[in-house]
Each structure stands twice: as C-alpha cells, then as structure tokens.
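Overview (structure and organization)
These are the residues of each chain, in order.
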Amino acid sequence: MTDTDLSHVHRMWDQDRASAALGIELVDVEVETTEGGRRLGRARTRMRIVDTMVNGHDIAHGGYVFTLADSTFALACNATGRTTVAASCDITYLLPSRLDDELIATATERVTYGRSGITDVTVCRATDNAVVAEFRGHSRAVRPASGER
C-alpha cells in the first residue's frame, strides 16, 4: 500500500449525486503498488436493497446491482489520479438479492496499459458473503495523472 493522496477521488465521490441518491456508501478506497511498481486502485462500497429497487419477481432489479458495481469500478480506476471513464463493461448475475439485503461491492483494478485499464468488481451479500454478481469494466483515461504523459 502507499500513502497516496486520495482527495481527488473523495471529491469525485462527494459530487456523485446518482450514487448518493441510491444510498451507495463508500467503505474504502486505496492504491496498491505491485511488486513491479505499478499502481492499481481498489475500492469497496455498500448498498441496501430498498423497496423501490425490487422488481416484479420480488428480487432486486439488475440495474441497481449494475449501478453499485459501476460506481465502485469508477472509484477504483480513478484512485491513482488518472481521470477515467467506462469504455465498456459487462456483468454476470449469479444469485438474486432481495429486499433489505446489504450488498458489498469490491473493485480491483487488474491492469492498466496506456490509457486503458481493466477492473473487476465482485458484488456479495453481506450476511453470508455469497457472490451475487461479477462485473468487469474496461476504463479509458481521458486525462493522465499529473506527471504522466
């Protein structure tokens, strides 16, 4: 781990009205330095499934689970200071979540290359740590971090 200044990503999060409106909470965000010296972002968030998130099958609408994963993806891939956006992402739903379930999303930036990156997000139920969904996001830096070209 490093002592990286993460004020930029906290500012981004504080301005994220969409995530706030859904009750998504930031648990932690950090930058890990690998053995090879690469800096990669990590983040964790949580969200409770409320009645307005439940669909006609009495399970959480997949769009809300996707949004939780996407918000966590954004935190991880912006943690190192590069301003990034999603280029593409996909999700695989494994288990349903239900009213009052608390979901925990954990994002790990796997690799960055040039202006591109790949980040994986696992969404679990807090009560039993069962994996609800797996998400993979491809990021694109729109502006490099200070000191980068």
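Above this text you will find the structure in question.
Our subject in this report is the structure included herewith. Only a predicted model underlies this, so the values are computations on that prediction, with no experimental measurement involved.

1. Some remarks on the pairing of strand 2 (residues 39-48)
- Two elements, strand 1 (residues 25-33) and strand 2, share eight bridges in a ladder whose sense is antiparallel. Bridge pairing in strand 2 places Thr-33 opposite Arg-39.
- In this structure, the hairpin formed by strand 1 and strand 2 is closed by a connection of five residues, where Gly-37 is found at a positive phi of approximately 90 degrees.
- Pairing of strand 2 with strand 4 (residues 102-113), which is carried by seven bridges, proceeds in the antiparallel orientation. Residue pairing in the sheet places Thr-45 in a bridge with Ala-105 of strand 4.

2. Considerations on helix 3 (residues 62-78)
- Given a rise of 1.5 Å per residue, 17 residues ought to cover 24 Å, and the 24 Å separating the end C-alpha atoms of helix 3 matches this to within 8%.
- Looking only at helix 3, the buried set comprises Val-65, Leu-68, Ala-69, Ser-71, Thr-72, Phe-73, Leu-75, Ala-76, Cys-77 and Asn-78.

3. Some remarks on the nonpolar core
- Val-65, Leu-68, Leu-103, Val-121 and Val-123 are the most contacted members of the largest nonpolar core, which totals 28 residues.
- Within the residue set of this core, elements represented by two or more residues are helix 1 (7-14), strand 1, strand 2, helix 3, strand 4, strand 5 (116-125) and strand 6 (131-143).
- Looking at this core element by element, the count peaks at seven residues for helix 3.
- Ignoring anything within four residues of it in the chain, the contact list for Leu-68 reads Ile-24, Thr-45, Arg-46, Met-47, Leu-103, Ala-105 and Val-123.

4. Side note on the packing of helix 1 against helix 3
- Contact geometry of helix 1 with helix 3 gives a least axis separation of 9 Å together with a crossing angle of 155 degrees. Considering the angle they form, helix 1 stands roughly antiparallel to helix 3. Note on packing geometry: the crossing formed by helix 1 with helix 3 is right-handed. Contacts from His-8, Val-9, Met-12 and Trp-13 in helix 1 reach Ser-71, Ala-74, Leu-75 and Asn-78 in helix 3.
- A per-class count over the contact of helix 1 with helix 3 returns five nonpolar, three polar and no charged.

The rules behind the values
Residues numbered from 1 in each chain as written. Predicted model: local features only at pLDDT ≥ 70, side-chain atom pairs only at ≥ 80, totals over all residues. Heavy atoms only, no water. Pairing = 2+ DSSP bridges. Helix = DSSP H or I, 4+ residues; strand = E, 2+ residues; numbered from the N terminus. Expected span 1.5 Å × (residues − 1). Buried < 20%, exposed > 50% of the residue type's maximum accessible area, 1.4 Å probe, protein only. Core = buried A, V, L, I, M, F, W, Y, C linked by side-chain atoms within 4.5 Å. Contact = heavy atoms within 4.5 Å. Axes fitted to C-alpha atoms, helices over the stretch in contact; angles between N-to-C directions. Parallel < 35°, antiparallel > 145°, perpendicular 65-115°, else oblique. Left-handed = near helix turned anticlockwise from the far one by under 90°. Nonpolar A, V, L, I, M, F, W, Y, C, P; charged D, E, K, R; others polar.

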